[in-house]
Every structure is written in structure tokens, then in C-alpha cells.
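Next come the chains, spelled out residue by residue.
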Amino acid sequence: KESDMLNSHTLLYLLPIRTRCDELESLRKRGCDKIENPHGSQRILKNKAVTNRKKGAEKLRPEDITQIQPQKLSLNLRAGEPQNIILRFKRAEDYPIDLYYLMDLSYSMKDDLENVKNLGTSLMKEMSKITSDFRIGFGSFVEKTVMPYISTTPAKLLNPCTGDQNCTSPFSYKNVLKLTSNGQQFNSLVGQQQISGNLDSPEGGFDAIMQVAVCGDHIGWRNVTRLLVFSTDAGFHFAGDGKLGGIVLPNDGKCHLENNVYTMSHYYDYPSIAHLVQKLSENNIQTIFAVTEEFQPVYKELQNLIPKSAVGTLSANSSNVINLIVDAYNSLSSEVILENSKLPEGVTITYQSRCKNGVVNEGENGRKCSNISIGDEVSFNINITAQGCPKQGKPESIKIKPLGFTEEVEILLNFICECECHKHGIKNSDMCHNGNGTFECGACRCNKGRVGRQCECRKDEVSTEDLDKNCRKDNGTDICSNNGECVCGTCECKKRDNPEERYSGKFCECDNFNCDRSNNKLCGGHGRCECRVCICDANYTGSACDCSLDTSTCLASNKQICNGRGNCECGTCRCTDPKFQGPTCEICPTCPGVCTEHKSCVQCRAFGTGEKKDTCERDCSYFNLIKVKDRDKLPQPVQAFPLMHCKERDANDCWFYYTYAVNNTEKEVHVVDALECPAGPDIIPIVAGVVTGIVLIGLALLLIWKLLMIIHDRREFAKFEKEKMNAKWDTGENPIYKSAVTTVINPKYEGK
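What counts as what
- Position labels on residues start from 1 in each chain and follow its written sequence.
- With pLDDT at 70 or above as the cut-off, local features in this predicted model cover only qualifying residues; side-chain atom pairs require 80 or more to be listed or tallied, and sums for whole chains, interfaces and linings still use all residues.
- Excluded from the side-chain calculation are hydrogens and water; included are all heavy atoms of the structure.
- Note on conventions: DSSP H or I runs of at least 4 residues are helices, E runs of at least 2 residues are strands, and numbering of each starts at the N terminus.
- When we talk radius of gyration, it's over C-alpha atoms, and the globule rule is simply 2.2 Å times the number of residues to the 0.38.
- Accessibility here uses a 1.4 Å probe with only protein chains present; expressed as a share of the type maximum, an area under 20% marks a residue as buried, one over 50% as exposed, and anything in between as partly exposed.
- Contacts: residue pairs with any heavy atoms within 4.5 Å of one another.
- Accessible surface is estimated by sampling points in the Shrake-Rupley manner with a 1.4 Å probe; for residues, cover comes only from the protein chains shown.
- In this charge count, Lys and Arg are treated as positive and Asp and Glu as negative; neither His nor the chain ends contribute.
- A single reference atom marks each charge: NZ on Lys, CZ on Arg, CG on Asp, CD on Glu.
- In what follows, a disulfide is any cysteine sulfur pair within 2.5 Å.
- In this analysis, axes come from line fits to C-alpha atoms, helices being fitted only over the stretch in contact, and the angle between any two N-to-C directions falls in the range 0 to 180 degrees.
- Angles are sorted into four bins: roughly parallel if under 35 degrees, roughly antiparallel if over 145, roughly perpendicular if 65 to 115, and oblique for all others.
- Note: crossing handedness is left-handed where the near helix turns anticlockwise from the far helix by less than a right angle, and right-handed where it turns clockwise.
- Residues are sorted three ways: Asp, Glu, Lys and Arg are charged, Ala, Val, Leu, Ile, Met, Phe, Trp, Tyr, Cys and Pro are nonpolar, and all the rest, Gly among them, are polar.
- Only protein atoms enter the 1 Å grid used here. Points where a 1.4 Å probe fits but cannot escape make up a cavity, open sets with protein on both sides within 12 Å along at least five of seven lines make up a pocket, and a residue lines them when an atom lies within 4 Å of a point.
- Grid points are joined across faces, edges and corners, and a volume is the space filled by probe spheres set on the points.
- In this entry, domain limits derive from an automatic or database-based domain assignment.
- One side-chain nitrogen of Lys or Arg within 4 Å of one carboxyl oxygen of Asp or Glu is enough to make a salt bridge.
- Here, the term nonpolar core denotes a set of buried Ala, Val, Leu, Ile, Met, Phe, Trp, Tyr and Cys residues that are joined through side-chain atoms within 4.5 Å.
- DSSP bridges decide pairing: two strands pair if at least two such bridges lie between them.
- Summary of the metric used: pLDDT quantifies the predictor's per-residue confidence within the range 0 to 100.

Digging into the overall build of the protein
Working step 1: Helix and strand counts for the protein stand at 14 helices and 42 strands.
Working step 2: In summary, the protein has a C-alpha radius of gyration of 51 Å against a globular reference of 27 Å for 752 residues, an excess of more than 25%.
Working step 3: With the principal axes as the frame, the protein shows a C-alpha extent of 180 × 125 × 70 Å.
Working step 4: Put simply, the protein has 752 residues, and 41% of those count as buried.
Working step 5: Across the protein, the fraction of contacts at a sequence separation of at least 24, relative to all contacts at a separation of at least 6, is 59%.
Working step 6: Surface exposure of the protein reaches about 42800 Å², of which carbon and sulfur atoms provide 50%.
Working step 7: Across the protein, the mean location of the 91 positive side-chain charges is 2 Å away from that of the 96 negative side-chain charges.

As C-alpha cells, then:
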């Protein structure tokens with residue numbers, strides 16, 4: 001189509017037979033004298049400066065305070081050509097704040113309610129340090145008023161608490177106090193609140209958040225900073241949990257407050273997290289989750305899903321709630337994050353942020369700046385690009401705004417889809433076959449029922465046999481190579497879905513997408529495809545431009561191409577010496593090293609020694625020998641030609657040093673003319689050491705012998721002493737001794 005254009009291409013007026021859309025230089029070379037080359041543009045429609053004022057100055061209405069500039073622009077987009085806009089953002093001092101305190105009034109929060117009763121005046125006093133225009137409101141929630149979330153027995157509906165505790169009837173959400181600047185009224189109304197109760201642990205807080213977000217008139221939100229403090233010591237129900245109570249209808253995201261009470265909790269399910277995120281973002285509400293330490297991990301995960309939200313640790317009795325709110329507000333307000341509305345089809349947007357202290361962020365981080373103090377100014381570079389024209393070609397608009405702020409930038413998008421010359425077309429022009437079309441932009445736009453470049457044919461003539469012959473390359477080929485239609489004897493090539501791909505040629509026999517590929521890229525990504533043949537970039541060759549002419553990948557460690565043992569082909573070494581292998585022909589398992597290879601010749605020529613000293617002149621004249629005085633004078637590898645440093649030992653255990661290099665095919669050897677020979681042994685210390693060793697060894701042997709003898713003598717003496725102690729004399733009578741006295745006893749004697 002005549003309206004199809006790419007960023008680097010232009011439209012041609014007066015060449016109806018040849019391609020009308022091409023690169024600018026190509027069109028000029030072909031003799032085009034009327035070229036239309038439109039470019040995108042931008043116009044600022046509203047550019048109110050950001051507000052510069054100090055706290056205590058004249059009070060401004062919220063709508064008179066400006067924090068982002070400009071506010072409205074109009075862009076003309078050409079396909080593929082980005083338009084850059086710069087947005088400035090500055091945190092205004094003394095900016096008004098609306099804070100709504102949404103509190104869980106289940107029984108576990110009984111002690112917390114006592115501390116919240118004086119929150120109004122205390123928070124008013126603390127927030128006066130930040131802003132002079134502060135309003136506060138209060139709401140409470142418990143749970144859906146159906147089983148199994150609460151007990152529906154009549155007694156429990158009146159008093160859900162056990163024992164002598166006096167609790168109010170359960171409810172889903174109640175708007176207790178509309179946003180007000182009267183802190184005493186807050187204290188008074190909150191002081192009248194009573195605790196309630198439910199059965200399960202998670203609460204129905206999501207129902208309450210949804211109503212706070214969408215019921216702006218009931219809550220009293222202004223177009224200022226909107227803070228929602230969500231205070232609880234439990235988890236939450238979300239979409240799907242309503243099925244437990246027989247509630248299957250999804251939350252409709254609309255306001256259902258009657259007399260400041262949510263009346264449809266039994267009818268609509270809990271909202272999903274995504275639905276809640278959408279409504280909070282639409283209404284520019286920043287959420288502060290004030291929760292107990294036990295539920296910190298749960299709400300931290302929720303914070304990651306809700307933009308511009310913060311989580312603070314609530315003490316067991318909510319005594320720290322004021323500090324928590326102030327800290328969370330400072331954290332939220334110190335970060336600005338830009339978001340845009342849904343982009344039209346084919347339009348892309350990129351961000352780059354320029355934050356404090358020269359910090360520049362790109363990509364997804366380019367949308368935000370952190371650590372912004374009051375009065376700090378940051379900027380964002382935004383590129384908007386259209387990849388083509390929308391189907392309708394109608395103007396579109398997008399909006400960009402900082403999350404949590406009511407201000408936004410409106411950008412009107414107009415697309416350059418037609419050339420200016422279309423406006424000056426000549427209807428029923430004689431140049432279009434006797435008035436059968438409109439002559440515009442150097443070509444004919446045919447009337448209904450007519451076809452051809454000059455509208456010379458009727459539609460019922462386009463398939464006749466005579467005309468088809470002009471559309472065949474030869475009798476054996478298809479009409480227009482099966483890549484187009486024969487219109488009045490001329491091939492009209494098909495259009496591809498991808499505008500970068502196209503058929504060309506008289507018979508549509510050429511294309512720019514059917515060339516050889518390498519690494520799954522057309523022409524290896526190193527050339528362009530013309531008529532199914534790759535035209536390679538410099539330093540590349542081959543049918544798929546996959547052969548690199550760069551030899552840097554073939555350099556060996558000695559800086560020689562393929563180590564001097566092969567040829568560099570397509571960036572890879574092909575080794576000519578079969579003994580060498582590897583990516584740079586440096587690996588040779590059976591070869592001596594370069595140093596070993598030239599050792600004998602260097603020895604004989606430099607020192608007249610070595611294996612080849614007798615055949616030196618015949619075998620070793622292939623290199624130039626240069627002698628140097630010491631090793632520091634040897635050439636270094638950083639010089640222009642590659643070289644190898646060598647260190648070898650001769651038959652006398654003397655070391656000699658040299659380098660081997662190839663300089664423009666000339667082989668050069670630099671050798672140190674002095675040998676490094678080991679010094680002879682020192683005889684005196686050796687003899688003294690040997691004598692001393694012998695004497696010491698003799699003394700050691702004598703001492704060992706003497707010690708063994710002492711041990712042996714002591715053992716023998718101990719044995720003698722033991723035997724002496726054990727010796728005993730026999731004291732019995734001699735068996736041959738006979739006594740002189742004989743005693744006879746009368747057996748009949750009775751001793752009477």
C-alpha cells in the first residue's frame with residue numbers, strides 16, 4: 001500500500017512502475033525528484049509550572065498545586081520513529097493529606113481499640129509537622145454476616161462474645177466517620193465504638209477496603225494524597241472463600257453503602273487481590289498495612305502485589321500506631337513510580353529516570369525514583385514509538401501518572417499514515433486511463449471495477465490467457481512465481497504479514513527472507529537478503545554470511561596466526577602440518593618444543609658446543625643470531641612480532657637463555673652471550689661436616705652401649721636379691737636320730 005512506511009524509508013511520487021518506498025539515498029540515485037519524508041513532532045498543550053512554595057505560605061487549593069509538568073501534549077508519530085518527552089516531578093511542600101483509618105473490630109482487637117480512641121488529636125498534632133491541611137476518617141470491619149464466618153443463632157447475633165462480655169452485633173464494614181479535620185470528633189465517635197466477634201481467624205477486610213476505595217462520596221476523598229491505614233491482627237479472606245458461605249457471585253467493585261453500612265456482604269464474594277489493586281490504583285489510594293508481627297510475612301507478600309503500599313509492625317495493643325503511620329507515609333512519599341494507561345495496539349513506551357545525586361535508571365526501574373525529599377525535583381525521559389498505523393488510523397490518547405497521586409499527564413497520539421500529497425489527488429485524471437482513477441502521489445488509485453497501474457483493465461479481464469503469459473518467466477513456471485497476482489499482464493506481488501518481508505522482481509521471483517540461515521538468523525545476522533542471495537557485511541563471506549574474515553580468533557599464544565602451522569579459514573584454524581592440532585595449531589603431542597627444537601643450533605652458533613658443533617655451518621644457518629649482554633636485553637613479547645623465550649641446559653649443567661622469533665619471515669634468535677654455570681662445591685665445610693658426623697656417631701654408639709650394660713647389670717643384681725630373699729632352711733628332725741627314752745603305756749590303765 002502507498003501508506004506503508006518504515007522509519008528509514010520514504011515515499012516516491014513519480015515512479016509508478018518501480019518501488020515507491022525505499023531508502024532515501026536509493027530513491028535519489030534512481031532520479032526521484034519529488035520525495036516525501038515526513039517526521040514525527042510534538043506540541044505541548046498545557047505546561048503549568050510545578051508549584052514552588054514553602055510551608056506557612058498562602059494556602060492553596062489542592063487543584064492549584066502542581067507536582068508534574070507538562071500536563072498535556074500532542075504527538076505526531078511516524079512508524080518506527082520514537083518521540084522523546086521529558087516529564088518533571090517535584091514533591092510539593094505542605095501538600096494536603098486525607099487519611100482513613102480502617103480497623104478490625106473482632107474480639108482480639110479489644111485492647112487496640114482503647115489506644116485508637118485518642119488517635120484523632122494525637123495524629124492531627126503529629127501530621128501538622130508535615131502538612132497544614134490534614135483530614136482523618138474512621139471505619140471498622142469484622143466479617144460477612146453469614147455462616148460459617150459468624151454464628152447466626154439469635155443470641156450470638158445480638159452478642160457474639162462469650163461470658164459476661166458485652167459486644168456489638170457483627171457486621172461486614174461500617175463507615176463510622178467521614179474524612180474530617182476535627183480530631184476531637186474522631187476521638188468522640190471512635191470512643192463510642194464497641195468490639196464485636198466472629199468464628200474464623202481470617203477477617204473480611206478486603207470487602208471493607210473495596211468499599212473504602214470505590215465509595216469516594218461517602219468517605220469524602222479529595223484529589224490529594226490519599227492514605228488508607230488497614231489495622232488488623234489476623235489474615236484475610238479473598239475471592240473464592242465466599243463459597244464456604246454459599247456466595248458465588250464475584251465482587252462487582254461498586255459502592256453498596258446504605259446508612260454507612262455495607263449491605264451486600266452476603267450477596268457478593270470477597271474481591272480478588274488483582275481487583276483490589278485495580279480499584280486502589282484507579283482511586284490513587286496508598287495503603288499502609290499496620291499488622292502484628294505474626295502476620296508480617298503474609299502482608300509483606302501482599303505489599304509486593306499492591307503498588308505504593310507499605311507494611312508496618314503493629315504492637316500488641318496498637319500503642320505505636322502514630323509512629324507507624326508517620327514512618328510509612330515518609331516511606332511512600334519518598335518514592336515516585338510512573339504508570340501509564342493501556343497503550344494502543346502497536347505503540348510501545350520506554351522510561352529513563354534521572355533521580356537525585358545523578359542516579360540514572362533504565363528499563364523497568366526507569367519508571368521510578370527513590371529517596372525523594374520534599375522540594376526535590378526529578379525528571380523522566382519517555383520514548384513513545386509506533387510500530388505501524390492503527391487499523392482505524394484514528395487519534396488515540398494515553399495517560400501517565402505517578403502512582404498514589406491524582407495528577408496525570410495526558411498525551412494525544414496522532415499517527416502519520418498518509419502522505420500530504422494524498423490531499424491533492426486529481427479525481428478522474430487522464431493519466432489513469434481516460435479518467436478511470438484518481439491520480440495522487442504520482443500513482444493511480446483506481447475506481448471501483450478497474451485494476452492495473454494505470455487502471456487500464458477491468459476486473460473481468462485480469463485472468464485472460466494472453467495477459468497471463470506476460471506474468472510467467474517461462475512456460476514451465478507459475479504465474480508470478482505463485483507469489484503474486486497477474487493484473488493486466490503485470491505481476492502484483494503478495495504482501496507479507498511481516499512488513500519487513502517482501503517479494504520483488506518482475507515475476508515476483510525474488511524475496512528478502514528465503515536466504516540461507518546460520519544460528520537461526522537470516523544471513524547469519526551479518527548481511528542482508530536480496531533476491532534469495534545473501535549480501536554479506538564487511539569481514540564476512542559465505543552463502544549464509546557465516547564465515548568471518550577476522551583472524552583475531554586464530555591468533556596463537558605467541559601472537560602468530562595458527563601458530564605458523566596452518567591457515568585461518570572463517571575464523572578457525574585449518575592446520576597444514578599434520579603433527580599439529582587444536583583451535584590455533586599449538587597442540588603437538590609428538591613434537592619437541594620450540595625451545596628444544598632449536599637448542600643444538602643455538603649452542604653451536606653462540607658457544608661452539610652441543611651435538612651439532614661439527615655440522616653447525618651446514619645445519620644451523622637458517623636463522624640470524626644476535627648476541628646480547630644480559631637477560632634484560634632480550635626482546636619482549638609486547639613488540640610487533642611474536643617470539644618465544646627459552647631457557648636450556650648444556651652438558652656442563654650451565655644454563656643459557658635465548659629467544660626465537662619470526663619477523664617478516666626472517667627467523668631471529670637473540671641469545672645471552674654469558675652462560676650461567678653452577679658454582680663448585682666448598683671442600684672445607686664438607687670435610688668438617690663428615691669428621692664431625694663420624695665423631696658424633698661414635699659417641700652416640702658408645703653412649704648407647706654404656707646404657708645397655710647398665711640396664712643389664714641392674715637386672716642381674718635385682719635377680720640375685722630376689723633369690724636371696726626367697727632362700728629358706730629345713731627345721732625338721734634327722735630321720736636316723738633315735739631318742740634314749742622309751743615310753744610305754746599300759747593299755748589297761750584307766751588312770752584311777
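Having put the structure on the table, let's press on.
Thoughts on the state of the cysteines
Working step 1: Taken as a whole and assessed by the stated rule, the structure comprises 20 disulfides.
Working step 2: Between the sulfur atoms of Cys493 and its disulfide partner Cys508 the distance amounts to 2.1 Å. Disulfide Cys493-Cys508: torsion about the S-S bond near -105 degrees, hence left-handed. Taken together, the residues Cys493 in strand β28 (residues 490-493) and Cys508 in the loop between β29 (503-504) and β30 (510-511) connect sequence positions 15 residues apart.
Working step 3: Residue Cys508 is classed as buried on the basis of its relative accessible area, which comes to 0%.
Working step 4: Each disulfide pairs two cysteine sulfurs, and for Cys604 the partner residue is Cys616, the sulfurs being separated by 2.1 Å. Its torsion about the S-S bond being 70 degrees, the disulfide of Cys604 and Cys616 is classed as right-handed. With Cys604 in helix α12 (residues 594-607) and Cys616 in helix α13 (residues 616-619), the pair connects residues that are 12 residues apart, well separated along the chain.
Working step 5: We classify Cys604 as buried; its relative accessible area is 8%.
Working step 6: Given the relative accessible area of 11%, Cys616 is considered buried.

Here's the deal with the packing of helix α6 (residues 205-214) against helix α8 (residues 273-282)
Working step 1: Between α6 and α8, the shortest axis-to-axis distance is 9 Å and the interhelical angle comes to 25 degrees. What the angle tells us is that α6 and α8 run roughly parallel. Note that α6 runs across α8; the crossing there is left-handed. Contacts from Phe206, Ile209, Met210, Ala213 and Val214 of α6 reach α8 at Ile273, His275, Leu276, Lys279 and Leu280.
Working step 2: The residue inventory of the contact of α6 with α8, partitioned by class, reads 8 nonpolar, 1 polar and 1 charged.

Concerning empty space enclosed by the protein
Working step 1: The full count for this structure, using the stated rule, is 4 cavities of 30 Å³ or more.
Working step 2: In this model, the largest cavity occupies a volume close to 100 Å³.
Working step 3: Around the largest cavity sit Gln67, Arg91, Ala92, Asp94, Tyr95, Ile130, Thr131, Thr225, Tyr329, Ser333, Ile374 and Phe405, which together line it.
Working step 4: When its residues are assigned to classes, the lining of the largest cavity shows 6 nonpolar, 4 polar and 2 charged.
Working step 5: Taken domain by domain, the lining of the largest cavity gets at least three of its residues from each of domain 1 (42-93 + 338-416) and domain 2 (105-334).
Working step 6: Quantified by volume, the second largest cavity comes out at close to 60 Å³.
Working step 7: What lines the second largest cavity is simply Val277, Leu280, Ser281, Asn284, Ile285, Ile306, Pro307, Lys308, Leu403 and Gly404.
Working step 8: A per-element tally of the lining of the second largest cavity places α8 first, with 3 residues.
Working step 9: When grouped by side-chain class, the residues that make up the lining of the second largest cavity number 6 nonpolar, 3 polar and 1 charged.

Describing the pattern of salt bridges
Working step 1: Under the definition given, this model contains 18 salt bridges.
Working step 2: Taking the shortest distance from any N to any O, the salt bridge between Asp207 and Lys144 comes out at 2.8 Å. Here Asp207 is found in helix α6, whereas its partner Lys144 is found in the loop between β9 (134-141) and α4 (154-158), with 63 residues between them in sequence. We note that Asp207, like Lys144, is buried.

Regarding the nonpolar core
Working step 1: If you look at the biggest cluster of nonpolar residues, it comprises 38 residues, and the most contacted ones within it are Leu99, Tyr101, Met103, Leu123, Phe134 and Phe138.
Working step 2: The greatest single-element share of this core, amounting to 7 residues, is contributed by helix α10 (residues 321-333).
Working step 3: In this structure, Phe138 is in contact with Tyr100, Tyr101, Met103, Val116, Asn175, Val176, Leu177, Phe186, Val190 and Gln193, ignoring residues within four places of it in sequence.
Working step 4: One finds Phe141, Cys215, Tyr262 and Val311 within the second-largest nonpolar core, a separate group that totals 31 residues.

Overview of the sheet that holds strand β19 (residues 368-369)
Working step 1: Taken in spatial order, the 6 strands line up as β4-β6-β22-β21-β16-β19 in an open sheet, and their pairing is mixed. Only two strands of the sheet have a single neighbouring strand rather than two, namely β4 (41-46) and β19.
Working step 2: Looking at chain direction, β4 and strand β6 (residues 72-77) are connected through 5 bridges and run antiparallel. When the sheet's bridge partners are listed, Gln42 is paired in β6 with Leu75.

Things to note about the domain arrangement of the protein
Working step 1: We note that the domain assignment places domain 1 (42-93 + 338-416), domain 2 (105-334), domain 3 (517-548), domain 4 (550-591) and domain 5 (594-672) within the protein.
Working step 2: Taking the mean C-alpha position of each, domain 2 and domain 5 sit 89 Å from one another.

Comments concerning the packing of helix α3 (residues 119-127) against α10
Working step 1: α10 packs onto α3 with a crossing angle of 40 degrees between their chain directions and a minimal axis gap of 10 Å. Considered as vectors, α3 and α10 are oriented oblique to each other. Here the hand of the crossing between α3 and α10 comes out right-handed. Across from Leu119, Ser122, Leu123, Glu126 and Met127 in α3, the residues of α10 making contact are Val321, Ile322, Ile325 and Val326.
Working step 2: Its residues assigned to classes, the contact of α3 with α10 comprises 7 nonpolar, 1 polar and 1 charged.

Regarding the confidence of the model for the protein
Working step 1: Looking at the protein, the pLDDT average stands at 83 and 91% of residues meet or exceed 70.
Working step 2: No element of the protein has a lower mean pLDDT than strand β1 (residues 9-12), at 38, and none a higher one than α6, at 94.

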